[in-house]
2 protein chains.
Amino acid sequence: MKTQTPRRTTALLALSLLSLLILATGPAPVRAQSSSSGFVKEFGTMWTFDAPPLDYWQETYGFRPDQSWLDHVRLSAVRIPGCSASFVSADGLVMTNHHCARSCITAVSPPDTSYQETGFVATSMAEEKRCPGMWADQLQSIEDVTGRIRSAVTATDAVRQTEQRDSAISAITDACTRSTGLNCQVVTFYQGGVYSLYRYKRFDDIRLVMAPEEQAAFYGGDPDNFTYPRYDMDISLLRVYVDGKPRSGGDYFRWSANGAAENELVFVVGNPGSTGRLLTVAQMEYLRDVSYPATLAGYERRLAVIEKLSARSEQDRRRYENTIFGLENSRKAVNGYLTGLLDKDKMARKQAFERDFRNRIEADPALKARYGGAWDAIAKALDEERSFAAQSRWYGFGGSQLLALAGQIALLPHEEALADSLRLPNYRGGRIDRVRAMVKRDEPFDLEVERMTLTAQLQAARAELPPDDPFLAAVLGGKTPAAAATALIDGTKLTDAAVRAGLVDGGARAIRSSTDPLMVVARKVAPLALEVANRERPLEATIANNAELIGRAIFAAYGRSLPPDATFTLRISDGVVKRYPMNGTYAPYKTAFYGLYARAVEFDNEPPWNLTPRWAKAVDKLDLSKPLDFVSTNDIIGGNSGSPLINRNAEIVGLAFDGNIQFLPNRFIFSDDVGRTVSVHSAGIIEALRKVYGAGWIADELQGR
Amino acid sequence: MKTQTPRRTTALLALSLLSLLILATGPAPVRAQSSSSGFVKEFGTMWTFDAPPLDYWQETYGFRPDQSWLDHVRLSAVRIPGCSASFVSADGLVMTNHHCARSCITAVSPPDTSYQETGFVATSMAEEKRCPGMWADQLQSIEDVTGRIRSAVTATDAVRQTEQRDSAISAITDACTRSTGLNCQVVTFYQGGVYSLYRYKRFDDIRLVMAPEEQAAFYGGDPDNFTYPRYDMDISLLRVYVDGKPRSGGDYFRWSANGAAENELVFVVGNPGSTGRLLTVAQMEYLRDVSYPATLAGYERRLAVIEKLSARSEQDRRRYENTIFGLENSRKAVNGYLTGLLDKDKMARKQAFERDFRNRIEADPALKARYGGAWDAIAKALDEERSFAAQSRWYGFGGSQLLALAGQIALLPHEEALADSLRLPNYRGGRIDRVRAMVKRDEPFDLEVERMTLTAQLQAARAELPPDDPFLAAVLGGKTPAAAATALIDGTKLTDAAVRAGLVDGGARAIRSSTDPLMVVARKVAPLALEVANRERPLEATIANNAELIGRAIFAAYGRSLPPDATFTLRISDGVVKRYPMNGTYAPYKTAFYGLYARAVEFDNEPPWNLTPRWAKAVDKLDLSKPLDFVSTNDIIGGNSGSPLINRNAEIVGLAFDGNIQFLPNRFIFSDDVGRTVSVHSAGIIEALRKVYGAGWIADELQGR
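Scoring rules and cut-offs
Residues numbered from 1 in each chain as written. Chains lettered and ligands numbered in written order. Predicted model: local features only at pLDDT ≥ 70, side-chain atom pairs only at ≥ 80, totals over all residues. Heavy atoms only, no water. Contact = heavy atoms within 4.5 Å. Buried area = accessible area lost by both parts, 1.4 Å probe. Salt bridge = Lys/Arg side-chain N within 4 Å of Asp/Glu carboxyl O. Polar contact = N/O pair within 3.5 Å; in protein donor to acceptor, adjacent residues only side chain to side chain. Helix = DSSP H or I, 4+ residues; strand = E, 2+ residues; numbered from the N terminus. Nonpolar A, V, L, I, M, F, W, Y, C, P; charged D, E, K, R; others polar. Least-squares fit on C-alpha atoms with pLDDT ≥ 70 in both. Core = buried A, V, L, I, M, F, W, Y, C linked by side-chain atoms within 4.5 Å. Buried < 20%, exposed > 50% of the residue type's maximum accessible area, 1.4 Å probe, protein only. Axes fitted to C-alpha atoms, helices over the stretch in contact; angles between N-to-C directions. Parallel < 35°, antiparallel > 145°, perpendicular 65-115°, else oblique. Left-handed = near helix turned anticlockwise from the far one by under 90°. Pairing = 2+ DSSP bridges.

*Asks:* I'm lost on the interface of chain A and chain B in this one. Help?
*Replies:* Many analyses report the size of an interface as the accessible area lost when the parts associate. Listed per partner, the contact involves 35 residues of chain A and 35 residues of chain B. Of the roughly 2700 Å² buried between chain A and chain B on both sides combined, carbon and sulfur atoms contribute 56%. Sorting the residues of chain A by area buried against chain B places N583, Y594 and E602 of chain A first, and these three jointly supply 25% of that buried surface. Across the salt bridge formed by D604 of chain B and K590 of chain A, the nearest N and O atoms sit 2.7 Å from each other. On inspection of chain A and its partner chain B, the count reaches 20 residue pairs in polar contact (both at pLDDT 80 or more). Mapped by element, the contributors of at least two residues to the side of chain A that touches chain B are helix 9 (221-224), strand 17 (585-587), strand 18 (590-592) and helix 23 (593-602) of chain A. Among the elements that take part in the side of chain A that touches chain B, helix 23 of chain A stands out by supplying seven residues, more than any other. Across the side of chain A that touches chain B, the residue classes tally to 19 nonpolar, eight polar and eight charged.

*Asks:* Sorry if this is basic, but what is going on with the relation of the copies chain A and chain B here?
*Replies:* What connects the two chain copies is a rotation about an axis and a shift along it. Mapping chain A onto chain B calls for a screw motion: a turn of 180° about the axis and a shift of 0.1 Å along it, with 0.2 Å RMSD after fitting. Put plainly, the chains are arranged around a two-fold axis.

*Asks:* Just checking my understanding: could you explain the nonpolar core for this structure?
*Replies:* Counting 298 residues, the largest nonpolar core has L237, F471 and W615 of chain A together with L237, F471 and W615 of chain B as the members making the most contacts within it. For this core, the element with the highest residue contribution is helix 22 (residues 517-558) of chain B, accounting for 19 residues. Among residues more than four places away in sequence, those in contact with W615 of chain B are E213, A216, M233, F593, L596, Y597, L622, A688, V692 and Y693 of chain B. Counting 37 residues, the second-largest nonpolar core is a separate cluster that includes L303, Y320, I324 and I669 of chain B.

*Asks:* Can you walk me through the packing of helix 10 (residues 281-310) of chain A against helix 14 (residues 374-387) of chain A in this structure?
*Replies:* The packing of two helices is summarised by the inter-axis angle and the distance between the axes. Residues and elements named next belong to chain A. Axis separation between helix 10 and helix 14 bottoms out at 9 Å; the angle between their running directions is 20°. Overall, the two elements helix 10 and helix 14 adopt an arrangement that is roughly parallel. Note that helix 10 runs across helix 14; the crossing there is right-handed. Taken together, the residues of helix 14 that come into contact with helix 10 (itself represented by A282, Q283, E285, Y286, D289 and V290) are I378, A379, L382, E385 and R386. Partitioned by chemical class, the residues of the contact of helix 10 with helix 14 number six nonpolar, one polar and four charged.

*Asks:* Would you take a moment to explain unusual backbone geometry for this structure?
*Replies:* Looking along the chain, the bond that leaves P607 of chain A and enters P608 of chain A is cis, with omega of 0°. Here P608 of chain A lies in the loop between helix 23 and helix 24 (613-618). The omega torsion across Y228 of chain B and P229 of chain B is 0°, close enough to zero to call that bond cis. Topologically, P229 of chain B is positioned in the loop between helix 9 (221-224) and strand 11 (236-242). Positioned with a positive phi, F568 of chain A is a non-glycine residue whose angle comes to about 55°. Note on placement: F568 of chain A falls in the loop between helix 22 (517-558) and strand 15 (571-576). The backbone of N263 of chain B sits at a positive phi, close to 75°, despite the residue not being glycine.

*Asks:* Teacher, can you tell me more about the side chain of H99 of chain B here?
*Replies:* Locating H99 of chain B in the fold gives a position in the loop between strand 4 (93-96) and helix 4 (102-107). A polar contact is formed between the side chain of H99 of chain B and the side chain of S641 of chain B, at a distance of 2.9 Å.

*Asks:* Help me out: how do you make sense of the pairing of strand 11 of chain B in this one?
*Replies:* Successive residues of a regular strand alternate their side chains across the two faces of the sheet. Residues and elements named next belong to chain B. Burial analysis of strand 11 places six of its seven residues in the buried class, the great majority of the element. Relative to strand 11, strand 4 runs antiparallel, the two being bridged by four bridges. The residue bridging T96 from the neighbouring strand is S236, located in strand 11. Strand direction decides the pairing type here: strand 10 (residues 205-211) and strand 11, joined by five bridges, are antiparallel. From the neighbouring strand, D205 faces strand 11, where its bridge partner is Y241. The pairing of strand 11 with strand 12 (residues 245-246) spans two bridges and is classified as antiparallel.

Below, the structure written as structure tokens:
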């Protein structure tokens, strides 16, 4: 699953440095579930292991796992960088998605080979290849530390409160790590309603055992991403080594004999990254009316430029194809989120919940005094943000990679002079060194793209800002957007990494005296960008503090029956394997290998629907009726990639890797009418290992033979 | 394609006898296309053979067929009952859809066999089976008779004008048939803007050569109907015999070697039944706001009843499954039409066209005097209809098959007493005898369904009519809907065909003195129904006459560049084979046999996605990568079923059988953004004939070997 910014477009998302802050903060999923009556479905099913909804599971599925089942499941799961994974053999095999092991697969490729392209299959343990920098964290215990943190926060000023909270969290984390040797982390639930100390055992000798070709793992590419029916073998197998030997013993998930039948109960165990289900209606409206439309406009702007470049020749078409796919994919994701916020029924449910919630708080004078003002405080802060949203959006260094570099350089003297905690987020906590290194890194620039995107950015800025705006004056200097962009890009020497390094190493003096046209502009824009950032900062703190109040109010009103916000920590989500209405008919609950070969033929084997040589050859060996992917109603989001799907016997039935297009609105309001988790099927994995990859020994190990 | 009322639900559509009249009248598709500029896409591409848009084809595709190409294509196509078809071999083979030959397939099945279930393949001409009542009409010539008809209409009264027009049409038709021996028909184009005499050569010795199992032809059943991707072998092959021998010589379509590539130009040649593209905005709004919502409410009412019955037991579930699918299918179609009318962009385009059209008329004093008042006249008549739409909807014999029979009987004495031309449409032109015969026919009744649906009907009527309404008084007689329905259904003897025959044969006297409770009610309702019908009749005539004026105005404003309304007469529609955006990704331009086997497995071979034994066995023989179905942007609608798709060499590349779900709004406003015609692929037909049906001799004949 790729619900985060897609890899190919990261460099292209030249939005204002300071925008989108709200997207990075606070969201929280919530679900009210009382033993048999009110069940607030829109908050989803991302349950924590210290508050599993046993009564609800009992009533819904007739299944009530005991503590040893829960402990076994928790200890069989692991978290890896950015993703989820699980132990799946007695000898330390770890299963995750192909896209979660991408950096390892690339890193261990020999100089003349790309395992991304060819795939990799170790023929024995001796051939397994250590993944540099990879780790796997196994959750050992959870402890509530809310009281300790709350007692450390004594200030009345919002910004100061944040600092006190951060420092209390650091102290608890450090003490835990020192005393236990474990990897400790304080996790903020319910936007600050609860703080829990999570203790992880970290494994750091992880080796690559098997990875298919990226084309098989990410079959259908960006067009098919976030969709279903799907035909992806999005798997990779790693092995955890301890003291140089395969991890042996300890908890792991057994392999199910046949996978899951339609309507069967299955659990996803993994680490969902971030949801926005506890946002207030005002916050959702801000996203709907301000943030997302601006994000989408940015995508459209880029697409218009790239499509123009792409139309010039067949060579250009091929050159920009992936960029276009990537942008379309980002647009698809954000459009999906926005669809949920624009859905009147869904928003009405959200409003009804908020009314009920606020009524419960208003009904109790003590609660009202403590929490009653939180919603209006957030709404007021957002109104204030809305009043300078255009400035916030445009006062920065967007539209050009070169301008962005100039901006980072221009900000250095100012940020260096500040205490760390007062710096901009990107320059805080040691990140200032990363900025310096990044700026010096040699990289190529497409000057035509730079000119065109900067022109588009300045045109859009001019359309939204008043004519006498100081940013426009600084960047345009009376020229048209096209003329200004051309002069800046043609005139700059920042394309030369040595020139950039000279400025960074020359310090404030060199930076302040540079006559490079982009540096001149960046120095004029920097104070404007800082001014906007300083205006936003207290407003964001107000929003965060009041969001915490609302998080606390959740307990007062609903108890612990609602699952908290996604926090990239271990959750267990229940669901069932299930078809859904689609396109006038039904999408089946599973796909088969037949379907993969169908889709390849149906697009005349044109990328991204082409078969790899290995898969083209395997067609006669495979049992084409075996299941490949399947869907279920479990509640997942980015971070869950690589999560195991297990049955009630805690056996592996699948491997989550994506959601369908209808699941995107779940970021804010969960629904399982048509939204689905998409997983690789356990039986398909075995079939592919044996028949396509000649990896019978690995299949045997998974099946415990 | 099944865009008409689906077969399984015909008996269930117990709507008021007199409602939906507007749906049966007048629609007309139109397209403005000037040689290189304004192209009014929303009027579609259903061109007549006497006005092919040669310049537009030349400009768009670089293709300008000559007259002999057009004549050859026209003479290779035939019309059969309710469908389209074409000659496809030198020996008189005719290709159409399986669902177009259904009645023949059933009729020629031996007593102990259903060819619908087993399929049928003649192993030689000797085994071909004559289809009772089947005919095929080949269009010989077209003559404009507008002047002759217009000069016959001299009255000023709208109802009288209609009668004069009808009688002029009859006279022309009869004279033509007498003098030529051909099957002659006067066709009304542009809602009466043009009348053309179509002369057909009729072939009436048609024999069944080959038909697959219905399960293979209608694979995916009602759920997959109106959708794509699709995997249907919806074909049947007939042979035309002349004087007891296969038709030999004459025009026919050759078979293409490979079918059509993506983006290739293809033509559909066939007989689209009915479209509503020339409706005024007021008419579309009436459909949107009054007619369709009532139709959908009727489906929902039926579904609620049937789903309740279905939920009682597994046996009931199976028993009602097809009925539910059928109703869901009708709902899908009407929802699709309504989607177009509710689409603000589409309606805005329609409004913009109407404004432009009216402006052109208003700009010319002569045109204004003749046509300028037509739009407002229609709007006024519709406002009047709207004022008693509830009465029109409920004053009748809906909700129960038995009540509908009682109503037909009760109306007989009144209708018998009238001159034919003054009768209700269903009793006019000899149809009164059909009513008598139908009423006497023996048939079974499900009394529980009768009670429940009548109850639901009466509940809905009571919710929409005022409390003192005379219809409610007549039917309910003070009881609740449930009590009234139970008393009527339990008390009637009309379940007995002999009782009904006795009433019909006993004449007015028997009918007027019957004490059967349903007859008593029907006699009270009949005058109410007649009163509503009489109120509607002049309004419908006003609408029809003014629609004709608008049709004439089309010429004045746009010339003959717009294709006329669909009239179940021969058209040629251009389009290209093309993928489309769907479900967040793309639907491929074609499907392959792989996909059929995929879908079967993906639903665990559960009906309606099960494979027939023949197809299950054939999997190892087939080249699964061969194309099965494909999509193109041609403009079709019900009646086009069985139309050939040909390339620019007039070779068969496919066989149209349906549209995707996105094509449904095309009924009113054409768009080829995502709407598509769905066809069986010519290469898939050959592959199936050779490998699944062992019909190599037929494949050889098609391929001219």
